[in-house]
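Per-entry structural report
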Amino acid sequence: MWRMVEPTTRAATILGVLGNLALTVFKFAAGLLSGSMAVLADSFHSLSDLLASSIVYIGMKHATRPPDERHPFGHGDVEALTGLFVAIILALVAYELGRGSILTILHGSATRIGPAAIYASAISVVAKEAMARYTFSAARKSMSMALEASAWDHRSDALSSVAVLAGVSLAMGGIWVADPIIAFGMACAIGFIGFRIARKNVENLIGTVPRPETVTKIEKIVRGVPEVIDVHKIRLHYFGPYAEVDMHVVMDPKMTIEESHATTDTIIEIVRSNLPDIAFVNIHVEPR
């Protein structure tokens, strides 16, 4: 039941670290050669992504460890904390990018930008979007919020590179103010992505009630067991990619303890087989 770090998941985290390292060095060099402050700033965005990917890699290794005496419910909350750290990094990047854009609009002036800025931005867009799609796919397979946060981080970098590409193109055409204006818009988008990631992971950590359809699905599964008369008080609590469910199940009072115990075992098996993210099922049996 407790998953190890799957090959796809491991590959996605390693890709994030190595890919962001390569892009950081590449865009920094291109920014210096081209004289583009936008590309240079984008290299620091990639540096923040490198830090985020490293945090996700470390977090995933700890989150997939099985339960032990000190952590009977496993280490899944490490993933939520990891995702929260990524959200904080995105917020900081958005703030710095937005602040720099405003200052450039207010006090900046036209600068001569070389073609290396165009090439660097175009390559960054393609590379980061490819990394985002691969990481989103791995996140869906592993049900990892930390990996999903990392994928959104890649996507935000791809979007910021689109903004840089457009701004650099317009700046080379004489409209220098387009660069900081577009960059400010992308800063707002990155900040919004960071907010969404933070909210989702905070809700996971504080035990916010999950989507109603999840509870409805559990209720439908349990009612499908012939010996069950009714089920109510279904409560879910997530810790990382896993969840614990508590429920009250009504059975015939004439059933023996052995029969009701066998029925609860059946319910646990069916719920966990239909919902792989359910790690623990606690059932309180009530007579009608």
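Here we summarise the structure given alongside this text.

Each value, and the rule that gives it
- Residues numbered from 1 in each chain as written.
- Predicted model: local features only at pLDDT ≥ 70, side-chain atom pairs only at ≥ 80, totals over all residues.
- Heavy atoms only, no water.
- Helix = DSSP H or I, 4+ residues; strand = E, 2+ residues; numbered from the N terminus.
- Contact = heavy atoms within 4.5 Å.
- Areas by Shrake-Rupley, 256 points an atom, 1.4 Å probe, with all protein chains shown as cover.
- Salt bridge = Lys/Arg side-chain N within 4 Å of Asp/Glu carboxyl O.
- Phe/Tyr/Trp six-rings, centres within 6.5 Å; stacked < 30°, edge-to-face > 60°.
- Buried < 20%, exposed > 50% of the residue type's maximum accessible area, 1.4 Å probe, protein only.
- Lys NZ or Arg CZ within 6 Å of the ring centre and 35° of its normal.
- Core = buried A, V, L, I, M, F, W, Y, C linked by side-chain atoms within 4.5 Å.

Turning next to the overall build of the chain. Scanning the chain for helices and strands turns up 8 helices and 3 strands. Secondary structure elements of the chain occur, N-terminal to C-terminal, as α-α-α-α-α-α-α-β-β-α-β. For the chain, long-range pairs separated by at least 24 residues make up 72% of all intrachain contacts whose partners lie at least 6 apart in sequence. In the form shown here, the chain has an accessible surface area of approximately 14700 Å², with 66% of it arising from carbon and sulfur atoms.

Right, let's talk about the pattern of salt bridges for a bit. According to the stated counting rule, one finds 7 salt bridges in the structure shown. Residues joined by salt bridges that share partners form a network here, namely Lys27, Lys128 and Asp157.

Overall, the coordinates contain 1 aromatic pair when judged by the stated rule. Measuring from ring centre to ring centre gives 5.2 Å for Phe136 and Trp152, while their planes differ by 85°; the resulting arrangement is edge-to-face. Here the residue Phe136 occupies a position in helix α4 (residues 116–142), and Trp152 occupies one in helix α5 (residues 145–172), the gap between them amounting to 16 residues. Residue classification places Trp152 among the partly exposed positions, given a relative accessible area of 22%. Between the NZ or CZ atom of Arg196 and the centre of the ring of Trp152, over which it lies, the distance is 5.2 Å.

Residue position: Ser124 is located in helix α4. On the basis of relative accessible area, Ser124 is assigned to the buried category, the value being 0%. Excluding its chain neighbours within four sequence positions, the residues that come into contact with Ser124 are Leu23, Lys27, Asp42 and Ser161.

Our focus in this paragraph is the nonpolar core. Ranked by internal contacts, the top residues of the largest apolar core, which has 19 residues, are Val222, Met247 and Ile267. Looking at this core, the elements that each hand over two or more residues are α7 (212–223), β1 (230–239), β2 (242–251), α8 (257–274) and β3 (278–287). In contact with Met247, other than residues within four places in its own chain, are Ile218, Val222, Val231, His232, Lys233, Ile234, Ile267, Val281, Asn282, Ile283 and His284. If you look at the next biggest cluster of nonpolar residues, it comprises 12 residues, including Ala52, Leu90, Ala149 and Ile190.

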